[in-house]
Amino acid sequence: MRKASRKSRPTIKSSPDQEGTLHHRSAATSKSAATTKSAATGKSAANRRTAIPRILIIYTGGTVGMVMDAATGALKPIGFKEIRDNIPEIVKLGYEVEVHAFNPPMDSSNMHPDVWVELAGIIEKNYEAYDGFVILHGSDTMAFTASALSFLLENLSKPVILTGSQLPIGEIRTDAKENIITALEIAAARKGGKALVPEVCIYFDYQLFRGNRSKKYNAEKFEAFYSMNYPPLAEAGITIKYQRQFILKHPEAGLKVHRRMDPSVGVLKVFPGITPATVEAVLGTPGIRAVILETFGSGNATTVPWFLAALRAAIKRGVLVIDITQCDGGAVELGRYETSIDLKEMGVVSGHDMTFEATLAKLMFLLAQKHSRVRLKELLETSLRGELTIG
């Protein structure tokens, strides 16, 4: 993998007659990772001489930064400068805003656990210098990245807000402007010297969701995300109304950034007519350590003998199997129906009401921590970052 260049382009400042400042630094990066030095190295958020909020925008790519290629008719990525030029309102917020830009921008379909670790590292390097972080990201895998960052950033006390758009920034009816401007406002919101939203979130179409509770459900509507099993944390109208009773409490300990993810995870989605060959292909994948079993309703699956025998054999080999529902809402209740009793008895772990995205990220995170099998199962059924509800 090509290492990211630490050489940045010249700083771009806003015009003197505009409120606030907007600095832009772009670091060259491979398609799957980016690193940069903080633009405010040596400055501490606690020791700054000004009360002006300082926000770091991390631009990874996505539809928000796309333009139509006249030759092919396909959308192609642009740099952050073009995005900034389309949102002059940013400087009117009165914040100090600086930018870390992936160069070239990446399509979110190419997202990878290595990039999640790199993003966590960028936040760690700049954590003391900024009051909040806004990540511009493609919507297709935004919920995966939000979920992963929620686990990698332990004891987070500052906002990390992911946003993007369904229409490119240059389109007349784009949703990018509102999403970005309000995400910046949320990242800067404080009360009593503390951030109002000390967690990883997704802001999209006037609603703020917990990142590890979010799911993209629509490829065409501006209202692209929802959180079926947890209420929105805030809603933007004339004012931004925060639902503080649903927001995570500030941690007592300092930020701890984890640097490893283990992608040795498989996915087995059950369906009527599933064959032994299909099941064995997933459960028998070389090097696999865990399998997400996507079941019907509240955790139910076929009870044909060969299917149950295949699961038992995999669990006996040391493969961890976690059961989540294919439904976007509701939770797994192993043993509620006869069709899930065998799963519970053989040692399948309940994913409760976790989303697929959160389950995948949590598995990759915990597998990398080298826990014992017993402890791993306990942690999977424990809410670490507000990602599941017990009971």
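Up top is the structure these notes are about.
Residues numbered from 1 in each chain as written. Predicted model: local features only at pLDDT ≥ 70, side-chain atom pairs only at ≥ 80, totals over all residues. Heavy atoms only, no water.

Enquirer: Would you take a moment to explain the overall build of the protein chain for this structure?
Expert: From N to C terminus, the protein chain includes nine helices and 21 strands. In the protein chain, which comprises 391 residues, the proportion classed as buried is 54%. Carbon together with sulfur atoms contributes 52% to the accessible area of the protein chain, which is approximately 17400 Å² in total. (Helix = DSSP H or I, 4+ residues; strand = E, 2+ residues; numbered from the N terminus. Buried < 20%, exposed > 50% of the residue type's maximum accessible area, 1.4 Å probe, protein only. Areas by Shrake-Rupley, 256 points an atom, 1.4 Å probe, with all protein chains shown as cover.)

Enquirer: Looking at this structure, I do not really get the pattern of salt bridges. What am I missing?
Expert: Pairing of side chains with opposite charge becomes possible as their charged atoms draw close. Taken as a whole and assessed by the stated rule, the structure comprises 13 salt bridges. Between glutamate 154 and arginine 385 there is a salt bridge whose closest N-O contact spans 4.0 Å. Placement of glutamate 154 in strand 7 (residues 153-154) and of arginine 385 in the segment after helix 9 (373-380) is noted, with a sequence separation of 231 residues between them. A residue is classified by how much of its surface remains accessible, and glutamate 154, at 22% relative accessible area, is partly exposed. In this structure, the salt-bridge partner of arginine 210 is glutamate 199, at a minimum N-O distance of 2.7 Å. (Salt bridge = Lys/Arg side-chain N within 4 Å of Asp/Glu carboxyl O.)

Enquirer: Would you mind showing me how to read the packing of aromatic side chains here?
Expert: The geometry of an aromatic ring pair is captured by two quantities: the separation of the ring centres and the angle between the planes. Summed over the entire model, instances satisfying the criterion amount to eight aromatic pairs. Relative to phenylalanine 133, the ring of tyrosine 127 has its centre 6.4 Å away and its plane inclined at 5°; by these criteria the two rings are stacked. A relative accessible area of 7% means that tyrosine 127 is categorised as buried. A centroid spacing of 5.0 Å and a plane angle of 55° characterise the contact between phenylalanine 204 and phenylalanine 225, whose relative ring orientation is tilted. Of this pair, phenylalanine 204 sits in strand 11 (residues 200-204) while phenylalanine 225 is found in strand 14 (residues 225-226), placing the two residues 21 residues apart along the sequence. Both residues of the pair, phenylalanine 204 and phenylalanine 225, belong to the buried class. Ring pairs connect the aromatic residues Tyr127, Tyr130 and Phe133, which therefore count as one cluster. We note arginine 54 situated over the ring of tyrosine 130; from NZ or CZ to the ring centre the distance is 4.7 Å. For the cation-ring pair, lysine 158 lies above tyrosine 127, with the distance from its terminal atom to the ring centre recorded as 4.6 Å. (Phe/Tyr/Trp six-rings, centres within 6.5 Å; stacked < 30°, edge-to-face > 60°. Lys NZ or Arg CZ within 6 Å of the ring centre and 35° of its normal.)

Enquirer: Teacher, can you tell me more about unusual backbone geometry here?
Expert: Among all residues save glycine, negative phi is the norm, and among peptide bonds the norm is trans. The amide bond that connects asparagine 103 to the next residue, proline 104, takes the cis arrangement and shows omega of 5°. Assignment of secondary structure puts proline 104 in the loop between strand 5 (96-103) and helix 2 (113-126). Unlike most non-glycine residues, aspartate 205 shows phi in positive territory, near 50°. Structurally, aspartate 205 is set in the loop between strand 11 and strand 12 (207-210). Given a relative accessible area of 23%, aspartate 205 falls into the partly exposed group. The phi torsion at tyrosine 206 lies on the positive side, around 75°, for a residue other than glycine. Within the secondary structure, tyrosine 206 sits in the loop between strand 11 and strand 12. The exposure class of tyrosine 206 is partly exposed, given its relative accessible area of 41%.

Enquirer: Could you clarify how one ought to interpret the nonpolar core in this entry?
Expert: Most often, soluble globular proteins keep nonpolar side chains buried together rather than apart. Within the largest apolar cluster, 57 residues are counted, with the highest numbers of intra-cluster contacts made by Leu153, Val160 and Leu162. Once residues lying within four places of it in the same chain are set aside, the contact partners of valine 160 are Ile123, Phe133, Ile135, Leu153, Glu199, Val200 and Cys201. If you look at the next biggest cluster of nonpolar residues, it comprises 37 residues, including Ala101, Ile169, Cys201 and Leu208. (Core = buried A, V, L, I, M, F, W, Y, C linked by side-chain atoms within 4.5 Å. Contact = heavy atoms within 4.5 Å.)

Enquirer: Teacher, can you tell me more about the sheet that holds strand 21 (residues 349-350) here?
Expert: To summarise the sheet geometry, strands pair through backbone hydrogen bonds and adopt either a parallel or an antiparallel arrangement. Read across the open sheet, the four strands follow the order 18-19-20-21; overall the sheet is parallel. The two strands at the open ends of the sheet, each matched to only one other strand, are strand 18 (265-269) and strand 21. Sheet topology note: the strand 18/strand 19 (residues 290-295) ladder contains five bridges and is parallel. Directly across from lysine 269, in strand 19, lies its bridge partner glutamate 294. Sitting on the sheet, helix 9 touches strand 20 (320-325) and strand 21, and the angle it makes with strand 20 is about 10°. (Pairing = 2+ DSSP bridges. Axes fitted to C-alpha atoms, helices over the stretch in contact; angles between N-to-C directions.)

Enquirer: Explain the side chain of threonine 60 here, please?
Expert: Position of threonine 60 among the secondary structure elements: in the loop between strand 2 (54-59) and strand 3 (66-68). Here threonine 60 falls in the buried class, since its relative accessible area comes to 2%. If near-sequence neighbours (up to four positions away) are discounted, threonine 60 is found in contact with Phe102, Pro105, Met106, Leu119, Ile135, Leu136 and His137.

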